[in-house]
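Understanding the architecture of this molecule
What follows is each chain in one-letter form.
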Amino acid sequence: MNFRELLLNNRKFLKAHDWEEIPPSPEWEPDFRKGVAPPLLEKTHDPEVETVELVKIDETGLGTMSVRDAIGGRMSRRNFGDEHVSLEELSFLLWVTQGVHSVSGDRASTRRTVPSGGSRHPFETYLIANRVGGLEPGVYRYLPLEHLLARVEVLGDDAKGRLTEAVEGQAFISRAAVVFVWTAVPYRAEWRYNIIAHKDIAIEAGHVCQNLYLACEAVGAGTCAVTSYHQRKMDEFIGVDGDEEFTVYLAPVGKV
Ligand SMILES: Cc1cc2nc3c(=O)[nH]c(=O)nc-3n(C[C@H](O)[C@H](O)[C@H](O)COP(=O)(O)O)c2cc1C
């Protein structure tokens, strides 16, 4: 494929699927129409793995800034202070980005604080925690159904260097108190939408990150959306396979 073809091909990704050009065929029927059971709503975690309780949204007074002030003040912030983000603040930021309102009776879908086509919610949230009150520095994964954190790994002395390399030298990212890394589990959306799932996944990542931007404003923190990263190095950093689950978006968070 030459460069022009590649460009046109990538533009297609942003368009609605052209069913006249590529008509539906039985083999393209999504799994949900074939009666295949829905994928899990979140990745399972090893029950032996240590989990950390988060503060429930009803138990925190955070987030009372007006929508107008949060939107008016929002900007990308890259200069982070040395302060810790508290576990309560982190709990709030996780809830605004992926918090679950309800689970459907058949456990096929969830309603959350962000919208998702067909309520598929194809993301997992990993945290690279450097300075979070009460949390040992490490990689954690958010369990939105339980509103818990599961530990993925402890950070070694080389973590800062490895992270900076994985984000193409953007040093402000490893200076953040905590870095949100969103992965996509594409099958969660493909199960329902098959070959037209992927545009929605990309759009939905934007909804998630925008909530993080606004909520950060409300807790005296700041964030910056990041898509400049090295795919393999980032996937290796958080320990995902790169095919069935891979990094799509990052957002470092710190006090400003
Ligand atoms: C999809 C997306 C990807 C971005 N990637 C990066 C990035 O890799 N590094 C970075 O420093 N800023 C990144 N940004 C932040 C933009 O540079 C920033 O939004 C832009 O300069 C406008 O500034 P504002 O957000 O303060 O309005 C990204 C923003 C978006 C929406």
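The sections below set out a description of the structure shown in this document. A quick note: this is a predicted structure, and the numbers were derived from the prediction, not measured.

Residues in contact with the ligand, as listed here, are M75, S76, Q170, C224, A225, V226, T227 and S228. Residue composition of the shell around the ligand, by class: four nonpolar, four polar and no charged.

For the rest of this paragraph, the subject is the sheet that holds strand β8 (residues 221-223). Where strands meet in a sheet, backbone hydrogen bonds hold them as pairs that are either parallel or antiparallel. Ordered by their spatial adjacency, seven strands build an open sheet running β1-β6-β5-β4-β7-β9-β8, and the pairing between neighbours is antiparallel. Unpaired on one side and paired on the other, β1 (51-53) and β8 mark the two borders of the sheet. Strand-to-strand, the axes of this sheet are offset by a mean angle of 30°, without reference to chain direction. Lying on the sheet, helix α7 (residues 231-238) is in contact with β4 (123-129), β5 (138-143), β6 (148-154), β7 (178-184) and β9 (246-255); it crosses β9 at an angle near 70°.

This paragraph deals with the pairing of β9. Along β9, nine of the ten residues are buried, which leaves the element largely enclosed by surrounding structure. The pairing of β7 with β9 spans seven bridges and is classified as antiparallel. Across the sheet, the residue bridging to V178 is V253, located in β9.

Calculation notes
- Residues numbered from 1 in each chain as written.
- Predicted model: local features only at pLDDT ≥ 70, side-chain atom pairs only at ≥ 80, totals over all residues.
- Near = placed C-beta within 6 Å.
- Nonpolar A, V, L, I, M, F, W, Y, C, P; charged D, E, K, R; others polar.
- Pairing = 2+ DSSP bridges.
- Helix = DSSP H or I, 4+ residues; strand = E, 2+ residues; numbered from the N terminus.
- Axes fitted to C-alpha atoms, helices over the stretch in contact; angles between N-to-C directions.
- Contact = placed C-beta atoms within 7 Å.
- Buried ≥ 20, exposed ≤ 12 C-beta atoms within 10 Å, placed from the backbone.

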